[in-house]
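Spelled out from the first residue to the last, the chains are:
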Amino acid sequence: MHSGTSDEHVKTITLEAFADCIVPGEKRSPDDRAIAGVSTGGGAVQAGALEMLHHDATGITAGLEALVGMLNGHATTYAADKGITLDGDVPPFVALEFDDRCAIIRTLTTPGHPEKDGWVLLSLFCNMAFDSAAHMSTHDAIAQGHPGLLTIGFELPQDDGIWRFADFSYGRQLAKPHPDTTPSGSPA
């Protein structure tokens with residue numbers, strides 16, 4: 001099974017395939033097996049989901065290997081139940097088509113599933129990598145063209161590097177700045 005692949009490679013591409021189901025992106029190359037390519041632009045993987053999942057602050061890094069094993073076990077069972085022949089050159093979850101991968105994740109994250117908490121947590125961190133680039137500084141994410149921040153229309157700082165917004169998010173000013181507020185917007 002998975003001839004010529006290391007445990008680390010199996011872990012990486014399995015987690016990439018999972019993250020790609022949470023926020024799909026486009027393939028990095030024609031032979032990319034982890035990313036299904038059902039969307040254009042960068043998805044969770046390109047946004048740094050693996051970096052996020054491996055970040056110590058998540059508290060899940062020690063359990064990732066076990067989750068990968070469980071996910072591939074679920075994929076093997078799913079394939080057997082559906083009569084799907086898996087390609088042994090890649091991990092079972094990666095060998096599945098996108099819709100089949102998503103069906104497994106839906107089952108694992110359904111209320112009442114005994115493993116739900118772990119899979120929901122994994123999903124949330126994949127989403128966080130895309131929506132907020134929580135694993136890196138905002139300045140670095142903007143400079144690198146982070147796909148999630150670009151997709152949600154995250155405003156760029158002004159020329160001096162400070163974020164200021166001419167329009168109020170509610171369409172009106174909710175309060176006047178305190179009289180001692182500095183020109184940079186900081187409290188005095």
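Here, every reference points to the structure presented above.
Residues numbered from 1 in each chain as written. Predicted model: local features only at pLDDT ≥ 70, side-chain atom pairs only at ≥ 80, totals over all residues. Heavy atoms only, no water.

Engineer: An account of the overall build of the protein chain is requested, with residue identities and associated values reported.
Structural biologist: Helix and strand counts for the protein chain stand at eight helices and zero strands. Going from the N terminus to the C terminus, the protein chain shows its helices and strands as α-α-α-α-α-α-α-α. Taken over the C-alpha trace, the protein chain has a radius of gyration of 20 Å; the compact-globule value for 188 residues is 16 Å, which it surpasses by more than 25%. Contacts in the protein chain between residues far apart in sequence, at least 24 positions, make up 50% of those at least 6 positions apart. Accessible surface computed for the protein chain: about 10900 Å², of which carbon and sulfur atoms make up 54%. For the protein chain, the centre of its 11 positive side-chain charges and the centre of its 25 negative side-chain charges are spaced 7 Å apart. (Helix = DSSP H or I, 4+ residues; strand = E, 2+ residues; numbered from the N terminus. Rg over C-alpha atoms; globule rule 2.2 N^0.38 Å. Contact = heavy atoms within 4.5 Å. Areas by Shrake-Rupley, 256 points an atom, 1.4 Å probe, with all protein chains shown as cover. Lys, Arg positive; Asp, Glu negative; His and termini not counted. Charge placed at Lys NZ, Arg CZ, Asp CG, Glu CD.)

Engineer: Requested: an account of the pattern of salt bridges, with residues and values cited.
Structural biologist: Applying the stated criterion across every chain yields a total of three salt bridges. The salt bridge involving Glu-16 is made with Arg-28; its shortest N-O contact spans 2.9 Å. Of this pair, Glu-16 sits in helix α1 (residues 7-22) while Arg-28 sits in the loop between α1 and α2 (49-53), placing them 12 residues apart in sequence. For Arg-28, a relative accessible area of 44% corresponds to the partly exposed category. Across the pair Arg-28 and Asp-32 runs a salt bridge whose closest N-O atoms are separated by 2.8 Å. A residue is classified by how much of its surface remains accessible, and Asp-32, at 8% relative accessible area, is buried. Connected via shared salt-bridge partners are Glu-16, Arg-28 and Asp-32. (Salt bridge = Lys/Arg side-chain N within 4 Å of Asp/Glu carboxyl O. Buried < 20%, exposed > 50% of the residue type's maximum accessible area, 1.4 Å probe, protein only.)

Engineer: Just give me the short version of helix α3 (residues 64-82), but keep the residues and values in it.
Structural biologist: Under the 1.5 Å per step criterion, the end-to-end length of α3 is 27 Å for 19 residues, consistent within 8% with the ideal 27 Å. The complete set of buried residues in α3 reads Leu-64, Leu-67, Val-68, Leu-71, Asn-72, Ala-75, Tyr-78 and Ala-79. Down the axis of α3, the smallest arc covering the buried residues is 130 degrees, so these residues share one side. Away from its buried face by more than 90 degrees, α3 exposes Glu-65, Ala-80 and Asp-81. (Expected span 1.5 Å × (residues − 1). Arc of directions from axis to C-beta.)

Engineer: Can you lay out the environment of Phe-154 for me, pointing to particular residues and giving the numbers?
Structural biologist: Inspection of the secondary structure puts Phe-154 in the segment after α8 (147-151). C-alpha separation for the pair Phe-154 and Gly-73, spaced 81 residues apart in sequence, amounts to 39 Å. Apart from residues lying up to four places away in sequence, Phe-154 is in contact with Thr-138, Ile-142, Leu-149 and Trp-163.

Engineer: Please give an account of the packing of α1 against helix α6 (residues 116-131) that cites residues and values.
Structural biologist: The N-to-C vectors of α1 and α6 enclose an angle of 75 degrees; their axes lie 9 Å apart at closest approach. When the interaxial angle is binned, α1 and α6 end up roughly perpendicular. On the side of α1, the interface is formed by Leu-15, Phe-18, Ala-19 and Ile-22, while α6 contributes Trp-119, Leu-122, Ser-123, Cys-126 and Asn-127. Of the residues contributing to the contact of α1 with α6, the split by class is seven nonpolar, two polar and no charged. (Axes fitted to C-alpha atoms, helices over the stretch in contact; angles between N-to-C directions. Parallel < 35°, antiparallel > 145°, perpendicular 65-115°, else oblique. Nonpolar A, V, L, I, M, F, W, Y, C, P; charged D, E, K, R; others polar.)

Engineer: Lay out unusual backbone geometry in plain terms, naming residues and giving numbers.
Structural biologist: Despite not being glycine, Ala-133 has its phi angle at roughly 50 degrees, a positive value. Relative to the helices and strands, Ala-133 resides in the loop between α6 and α7 (138-143).

Engineer: Tell me about the packing of aromatic side chains, and name the residues and values.
Structural biologist: Taken as a whole and assessed by the stated rule, the structure comprises one aromatic pair. For the ring pair Phe-18 and Trp-119, a centre distance of 5.9 Å and an interplane angle of 35 degrees mean the geometry is tilted. Within this pair, whereas Phe-18 is found in helix α1, its partner Trp-119 is found in helix α6, the two being separated by 101 residues in sequence. (Phe/Tyr/Trp six-rings, centres within 6.5 Å; stacked < 30°, edge-to-face > 60°.)

Engineer: Provide a residue-level description of the side chain of Asp-32, including the pertinent values.
Structural biologist: With respect to the secondary-structure elements, Asp-32 resides in the loop between α1 and α2. A polar contact of 2.8 Å, which involves the side chain of Asp-32, links it to the side chain of Arg-28. (Polar contact = N/O pair within 3.5 Å; in protein donor to acceptor, adjacent residues only side chain to side chain.)

Engineer: Please provide a residue-by-residue account of the nonpolar core, values included.
Structural biologist: Among the nonpolar cores identified, the biggest contains 41 residues, and Phe-18, Leu-53, Phe-93, Ile-104 and Leu-122 are the most heavily contacted of them. Mapped by element, the contributors of at least two residues to this core are α1, α2, α3, α4 (92-95), α5 (98-108) and α6. A per-element tally of this core places α3 first, with seven residues. (Core = buried A, V, L, I, M, F, W, Y, C linked by side-chain atoms within 4.5 Å.)

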